[in-house]
Amino acid sequence: MWMEPPEGFVTSQKIAMNKITQTLETGAEILITACPFCNITLKDAVKLMDKEDSLLVMDLAELLLISV
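Residues numbered from 1 in each chain as written. Predicted model: local features only at pLDDT ≥ 70, side-chain atom pairs only at ≥ 80, totals over all residues. Heavy atoms only, no water.

Here we take up helix α2 (residues 36-48). Helix length check: α2, at 13 residues, gives a terminal C-alpha distance of 18 Å against a target of 18 Å (1.5 Å per residue), a fit within 8%. Taken as a whole, α2 has its buried residues at Asn39, Thr41, Leu42, Ala45 and Val46. Phi turns positive one or two residues past the end of α2, at aspartate 50, with a value near 55°. (Helix = DSSP H or I, 4+ residues; strand = E, 2+ residues; numbered from the N terminus. Expected span 1.5 Å × (residues − 1). Buried < 20%, exposed > 50% of the residue type's maximum accessible area, 1.4 Å probe, protein only.)

Now for the environment of leucine 56. Topologically, leucine 56 is positioned in strand β2 (residues 56-59). Sequence separation between leucine 56 and isoleucine 30 is 26 residues, and the spatial gap between their C-alpha atoms is 4.7 Å. If sequence neighbours within four positions are ignored, leucine 56 has contacts with Glu29, Ile30 and Leu31. (Contact = heavy atoms within 4.5 Å.)

This next bit is on the packing of helix α1 (residues 12-26) against α2. For the pair α1 and α2, the least separation of the axes is 9 Å and the interaxial angle reads 70°. Here α1 is positioned roughly perpendicular relative to α2, judged by the angle of their axes. Judged by the twist between their axes, the crossing of α1 over α2 is right-handed. Every residue of α2 that contacts α1 at Ser12, Gln13, Ala16, Met17, Lys19 and Ile20 is listed here: Phe37, Thr41, Leu42, Asp44, Ala45, Val46 and Leu48. For the contact of α1 with α2, the per-class residue count stands at 8 nonpolar, 3 polar and 2 charged. (Axes fitted to C-alpha atoms, helices over the stretch in contact; angles between N-to-C directions. Parallel < 35°, antiparallel > 145°, perpendicular 65-115°, else oblique. Left-handed = near helix turned anticlockwise from the far one by under 90°. Nonpolar A, V, L, I, M, F, W, Y, C, P; charged D, E, K, R; others polar.)

Dropping the structure here:
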C-alpha cells in the first residue's frame, strides 16, 4: 500500500502543501473538503507547515454541524 514514489512523481503530500500555500495566500481561515482522504492529507500538511494557528481544515459535514 505504501511505497516510495517513482522519480518525478508528485506525492499527495506535496500537492496538499501547495494547496495549503495557495489557500493561505487568499487569506482564508478555513479550508473545507468533502473527501475524507483529502481531509487527512490537508490536515497533515497544515501540521507539517506549522500553520495550525492560521488555517483550519474541516470536513463539509463539520461545517454543517456548527452552522445549525
